[in-house]
Amino acid sequence: MEILDTAGQEDIQQKESHMRWGDGFVIVYDITDRGSFEEVAPLRSLLEEVKRPKNVPLVLVGNKSDLDHARQVGTEEGERLAAEMACAFYECSACANEGGTVAEAFHELCREVRRRKAVQGKARRRSSTTHVKQAINKMLTKISS
Ligand SMILES: Nc1nc2c(ncn2[C@@H]2O[C@H](COP(=O)(O)OP(=O)(O)OP(=O)(O)O)[C@@H](O)[C@H]2O)c(=O)[nH]1
């Protein structure tokens, strides 16, 4: 697995090229900074625009849970946004990392990437079987006519 930590200050072209590069994304906001939370939805929209196939694997993370006294974004707000984005949600602290939540967020993203790849592989195999069947049917129709 390769992990690219984006700077967060990229222009739109750099953002899009990172989005094309990745198979899955951990979108992180800071629970003590509402502005960072408000950047999540536009980022997700850009991902949906840029990424093919759509419904890219995502995990939403609210970081700095050790700074609960300075919290500006409620846990339930993060949960609600993750539900809208149909992805897993974690609150964690890169500093304290109690319970290994940071690693768990990455593991969940890996599992999701693998699940989607398996489903896409099956769909591709099914569509190539359909093409072979159609070609055989055409040949048989020609022979019998
Ligand atoms: N208390 C606390 N501080 C954190 C946590 N994670 C990061 N920080 C601090 O927040 C600041 C920014 O951390 P970065 O890792 O540079 O954040 P970033 O989003 O990668 O920033 P960019 O490099 O601008 O993209 C640093 O001072 C970190 O020490 C955390 O979980 N808890």
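Residues numbered from 1 in each chain as written. Predicted model: local features only at pLDDT ≥ 70, side-chain atom pairs only at ≥ 80, totals over all residues.

For the record, the criterion: UniProt positions are given in the numbering used here, feature names are shortened, and annotations may be inferred rather than shown by experiment.
In the nomenclature of an unreviewed UniProt entry, the protein corresponds to small monomeric GTPase from the organism Notothenia coriiceps. Heading Sequence similarities (unreviewed entry) of the UniProt record for the protein holds this comment: "Belongs to the small GTPase superfamily. Ras family." The annotation that UniProt attaches to the protein under Catalytic activity (unreviewed entry) is "GTP + H2O = GDP + phosphate + H(+)".

Some points on the site of the ligand
The following threshold applies: In this text, near has one meaning. A residue is near a molecule or strand if its C-beta atom, placed using the backbone, is within 6 Å of it. Note on residue classes: Ala, Val, Leu, Ile, Met, Phe, Trp, Tyr, Cys and Pro are nonpolar, Asp, Glu, Lys and Arg are charged, and everything else, Gly too, is polar.
Taken together, Ala7, Gly8, Asn63, Lys64, Asp66, Leu67, Ser93, Ala94 and Cys95 are the residues near the ligand. Considered class by class, the residues forming the shell around the ligand number 4 nonpolar, 3 polar and 2 charged.

Quick word on the sheet that holds strand β1 (residues 25–30)
Quick reminder of the rule: Think of it this way: DSSP has to see at least two bridges between two strands before they count as a pair. Strands are runs of DSSP state E lasting at least 2 residues, helices are runs of H or I lasting at least 4, and numbering of each runs from the N terminus. Axis definition: a line fit to C-alpha positions, over the contact stretch in the case of helices; interaxial angles, taken between N-to-C directions, run 0 to 180 degrees. Contacts are defined on C-beta atoms placed from the backbone: any two residues whose C-beta positions lie within 7 Å are in contact.
Strand order in this open sheet of 3 strands is β1-β2-β3, and the pairing throughout is parallel. Each edge of the open sheet is held by one strand with a lone partner, namely β1 and β3 (88–91). Within this sheet the neighbouring strands show an average axis-to-axis angle of 20 degrees, counted without direction. By the bridge criterion, 4 bridges tie strand β2 (residues 58–63) to β3 in an arrangement that is parallel. When the sheet's bridge partners are listed, glycine 62 is paired in β3 with glutamate 91. Sitting on the sheet, helix α4 (residues 75–84) touches β2 and β3, and the angle it makes with β3 is about 160 degrees.

Structural notes on the environment of isoleucine 31
Selection rule: As a rule, residues whose C-beta atom has 12 or fewer other C-beta atoms within 10 Å are exposed, those with 20 or more are buried, and those in between are partly exposed; C-beta atoms are placed from the backbone.
Mapping isoleucine 31 onto the fold places it in the loop between β1 and α2 (34–38). Among the residues examined, isoleucine 31 registers 26 C-beta atoms within 10 Å and is labelled buried. In the structure, isoleucine 31 is positioned 44 residues away from threonine 75 in sequence and 8.5 Å away in space, judged by C-alpha atoms. Other than its neighbours up to four places away in sequence, isoleucine 31 contacts Gly62, Asn63, Lys64, Ser65, Arg71, Gln72, Val73 and Glu91.

Quick word on unusual backbone geometry
Its identity as a non-glycine residue notwithstanding, asparagine 55 has a phi of 55 degrees, on the positive side. You can see asparagine 55 is positioned in the loop between α3 (40–50) and β2. You will see that alanine 86, though not glycine, has its phi angle at about 55 degrees, which is positive.

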